[in-house]
There are 2 protein chains.
Amino acid sequence: MHRHDGHDACRTDARDMLARAEAVCRARGLQFTPLRREVLEAVAESGKAQGAYDIAERLSVPGKRVAPVSVYRALDFLMEQGLVHRIASRNAFIPCAHDHAPGEGVIFLICRTCGTVDEASTEEVEGGLERTLERAGFTPSHSILEVEGDCGLCRDQKRAP
Amino acid sequence: MHRHDGHDACRTDARDMLARAEAVCRARGLQFTPLRREVLEAVAESGKAQGAYDIAERLSVPGKRVAPVSVYRALDFLMEQGLVHRIASRNAFIPCAHDHAPGEGVIFLICRTCGTVDEASTEEVEGGLERTLERAGFTPSHSILEVEGDCGLCRDQKRAP
DNA sequence: GTCGGGGTGATACACTGTAACAAACCCGTG
DNA sequence: CACGGGTTTGTTACAGTGTATCACCCCGAC
C-alpha cells in the first residue's frame, strides 16, 4: 500500500507515473501527447486532489491559455487508461498511485485537513461487500469508496503541536 | 434491509416517510414547513435519485415558481435530520428508506438501468474497513459507499425478456 | 496528393451549487 | 397589542463543474 512519509515523496511518484504512463500508452498503441503529459504532471505534482479548472489555470501561461475543456478531455483519456482517479465527493482528480491488482478496487482516504488523498486496497472489505450485495440481489459493476478524515501526519500534528 | 418488491412500494414508503419526518421534527422542536414537506414528497415519490433542479421544476407550477436555491435549503435541512441522502456520484438525492442503527453507515446500490437507489447496511464491511484504515493510520470521520450495477428486477428482465 | 481519423482550440452552453440581501413569518415578552 | 429577535423563504446574481459543437491541425494510409 502507498504511504505518505512526507510530502516530498510525491515528487518521486510523479516521475514514476510519467514513465509508467508512457509505457502504458506505448503498449496500447495510444498517444501520450504533450497536453496529456502536462495534465498528468499537474495532477501528480500535488498529493492533493486537483480540480479540472485548477489544472487548466496551472497549465495556462500568458500567451498560451489551456481551456478547461481540453483538460477534461485529457483527464478522460487518463482515467480510461487507469492513470488518474476521480474523487466523486470533491469533483477532483488524483494520480493513480500504484498498479491495482486486477479485480480489486480502491478506497480513497481523503484528509480533510491537508487535502492529500491516499489509496488503500479493498481486499479486506471485498468479502463483506460481496455478501451484502448478494443478499440484496444486486449485481455490481463499479464501486466508489471514499473516506474522509485525518491522515496520520495531520493527526499527529494536532496531538503534539 | 429495504427491498424493492416492485415500484409501487415506493408510494407507501412516501407516506411513511412524511409521518416519520413530522414526528422527527416535532420531537426535535423543528419546523416541518410546507416547502420542506413538498421537497421531501418530491424526493420520495420516485425511487430514483432526483436532482435539485428536477425537484424545483417538479414543484413549480404556472404562477408559483420554486427556485433551486429554496430546494437546496430544504434538502440541507432534510439531510441534517437524516431524512434524505445525497448520492455523490450522481449529484442527486434520495429519501432515507429506513432508520439507521446508530454508528452504522449505508451502502447505496444504484441501478444503472432503472435508476432506483436502494440502501444496504455496512455491517458486513465495517470490520474490514476499520482494519484497513487502522493500518493506513487514518482516522475516519465520514464514509461514502456507492455501488453502481443492476438491481434484481432489471437483471431478471435482461435474463428473460 | 487527398482522404480520413485522432487530437486540440475556441466558443458557447447546460448543470450544480452558493452568497447576499430583503421580505415574510413565527413566537415569546413587555 | 406592539415590539424584537430568530427562522424561513423569495429573489437575484454569481461561482464552479462539465459538455456540445464546430473548426483547425497533424499525420499516416491509400
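Because the structure is a prediction, the values reported are computed rather than measured. (Residues numbered from 1 in each chain as written. Chains lettered and ligands numbered in written order. Predicted model: local features only at pLDDT ≥ 70, side-chain atom pairs only at ≥ 80, totals over all residues.)

Visitor: What am I meant to see in the sheet that holds strand 3 (residues 106-111) of chain B here?
Guide: Adjacent strands of a sheet pair through backbone hydrogen bonds, lying either parallel or antiparallel. With mixed pairing, 6 strands are arranged side by side in an open sheet as 4(A)-3(A)-5(A)-5(B)-3(B)-4(B). Both outer strands of the open sheet, strand 4 (117-121) of chain A together with strand 4 (117-121) of chain B, are each paired with one neighbouring strand and no more. Each neighbouring strand pair of the sheet contributes to a mean axis angle of 25°, computed without reference to strand direction. Both strand 3 of chain B and strand 5 (residues 139-150) of chain B contribute to a ladder of 4 bridges, which runs parallel. Note on strand 5 of chain B: the bridge partner recorded for B:C111 is B:G149. Strands in contact with helix 5 (residues 123-136) of chain A are strand 4 and strand 5 (139-150) of chain A together with strand 3, strand 4 and strand 5 of chain B; relative to strand 4 of chain B, the strand with the most contacts, it is inclined by about 125°. Strand contacts of helix 5 (residues 123-136) of chain B: strand 3 (106-111), strand 4 and strand 5 of chain A together with strand 4 and strand 5 of chain B, with the helix running at about 125° to strand 4 of chain A, the strand carrying the most contacts. (Pairing = 2+ DSSP bridges. Helix = DSSP H or I, 4+ residues; strand = E, 2+ residues; numbered from the N terminus. Axes fitted to C-alpha atoms, helices over the stretch in contact; angles between N-to-C directions. Contact = placed C-beta atoms within 7 Å.)

Visitor: Which parts of the structure should I look at to understand the interface of chain A and chain B?
Guide: By convention, interface size is frequently given as the accessible area that disappears when the constituent parts associate. Of the residues lining the interface, 33 residues belong to chain A; the matching set on chain B comes to 33 residues. Elements represented by at least two residues in the side of chain A that touches chain B include exactly strand 3, strand 4, helix 5, strand 5 and helix 6 (152-159) of chain A. No other element matches strand 5 of chain A, which puts 12 residues into the side of chain A that touches chain B. Looking at the side of chain A that touches chain B residue by residue, the class counts come to 15 nonpolar, 10 polar and 8 charged. Where strand 5 of chain A lies against strand 5 of chain B, 11 bridges are found, and the strand directions are antiparallel. Looking at strand 5 of chain B, one finds that A:L145 is bridged to B:L145. (Nonpolar A, V, L, I, M, F, W, Y, C, P; charged D, E, K, R; others polar.)

Visitor: Is there a simple way to think about the protein's contact with DNA strand D in this case?
Guide: Taken together, 19 residues are adjacent to DNA strand D, and A:V69, A:N91, B:T33, B:L35 and B:S70 come closest. Elements supplying a minimum of two residues to the surface near DNA strand D: helix 3 (52-59) and helix 4 (68-80) of chain A together with helix 2 (34-44) and helix 4 (68-80) of chain B. With 4 residues, the top contributor of residues to the surface near DNA strand D is helix 4 of chain B. For the surface near DNA strand D, the per-class residue count stands at 11 nonpolar, 5 polar and 3 charged. (Near = placed C-beta within 6 Å.)

Visitor: Would you mind going over the relation of the copies chain A and chain B with me for this structure?
Guide: Relating one copy of the chain to the other takes a rotation about an axis and a shift parallel to that axis. Taken as rigid bodies, chain A and chain B are interconverted by a rotation of 179° and an axial shift of 0.0 Å, the fit giving an RMSD of 0.1 Å. Such a combination of turn and shift is consistent with a two-fold rotation axis. Interface residue correspondence from chain A to chain B reaches 100%, placing this contact among same-surface, isologous pairings. (Least-squares fit on C-alpha atoms with pLDDT ≥ 70 in both.)

Visitor: Just checking my understanding: could you explain the domain arrangement of chain A for this structure?
Guide: Residues and elements named next belong to chain A. Here chain A is described as being made up of domain 1 (14-95) and domain 2 (106-159). Relative to domain 2, the C-alpha centre of domain 1 lies at a distance of 23 Å. Between domain 1 and domain 2, the residue contacts involve 9 residues of the former and 8 residues of the latter. By residue class, the composition of the side of domain 1 that touches domain 2 is 4 nonpolar, 3 polar and 2 charged. (Domains from an automatic or database assignment.)

Visitor: Looking at this structure, how should I read the protein's contact with DNA strand C?
Guide: Residues in close proximity to DNA strand C total 19 residues, the closest being A:T33, A:L35, A:S70, B:V69 and B:N91. In terms of residues, the surface near DNA strand C owes the most to one element, helix 4 of chain A, which gives 4 residues. Taken together, the residues of the surface near DNA strand C sort by class into 11 nonpolar, 5 polar and 3 charged.

Visitor: Looking at this structure, I do not really get the nonpolar core. What am I missing?
Guide: Grouped burial of nonpolar side chains is what soluble globular proteins tend to show. By size, the foremost hydrophobic cluster in this structure holds 72 residues, and its most contacted members are A:L109 and B:L109. If sequence neighbours within four positions are ignored, B:L109 has contacts with A:A136, A:F138, B:V117, B:D118, B:A120, B:V147 and B:C151. (Core = buried A, V, L, I, M, F, W, Y, C linked by C-beta atoms within 7 Å. Buried ≥ 20, exposed ≤ 12 C-beta atoms within 10 Å, placed from the backbone.)

Visitor: What should I look at first to understand unusual backbone geometry in this one?
Guide: Generally, phi is negative for residues other than glycine and the peptide bonds are trans, each holding for most cases. Unlike most non-glycine residues, A:N91 shows phi in positive territory, near 50°. Its location among the elements puts A:N91 in the loop between strand 1 (84-87) and strand 2 (92-95).

Visitor: Sorry if this is basic, but what is going on with the packing of helix 3 of chain A against helix 4 of chain A here?
Guide: Think of two packed helices as two axes; the pair is described by the angle between the axes and how far apart they sit. Residues and elements named next belong to chain A. It is at 9 Å that the axes of helix 3 and helix 4 come closest, and there the two elements cross at 115°. Of the possible angle classes, the one that applies to helix 3 and helix 4 is roughly perpendicular. Crossing handedness for the pair helix 3 and helix 4: right-handed. Counted together, A52, Y53, I55 and A56 of helix 3 and P68, V71, Y72 and L75 of helix 4 form the full contact between these two elements. Here the residues of the contact of helix 3 with helix 4 are counted per class, giving 8 nonpolar, no polar and no charged. (Parallel < 35°, antiparallel > 145°, perpendicular 65-115°, else oblique. Left-handed = near helix turned anticlockwise from the far one by under 90°.)

Visitor: I would appreciate a short explanation of the environment of B:A67 in the present structure.
Guide: All names here are of chain B. As for its position among the elements, A67 is in the loop between helix 3 (52-59) and helix 4. Taking the C-beta count within 10 Å as the criterion, A67 has 11 such neighbours and is therefore assigned exposed. Sequence separation between A67 and D99 is 32 residues, and the spatial gap between their C-alpha atoms is 30 Å.

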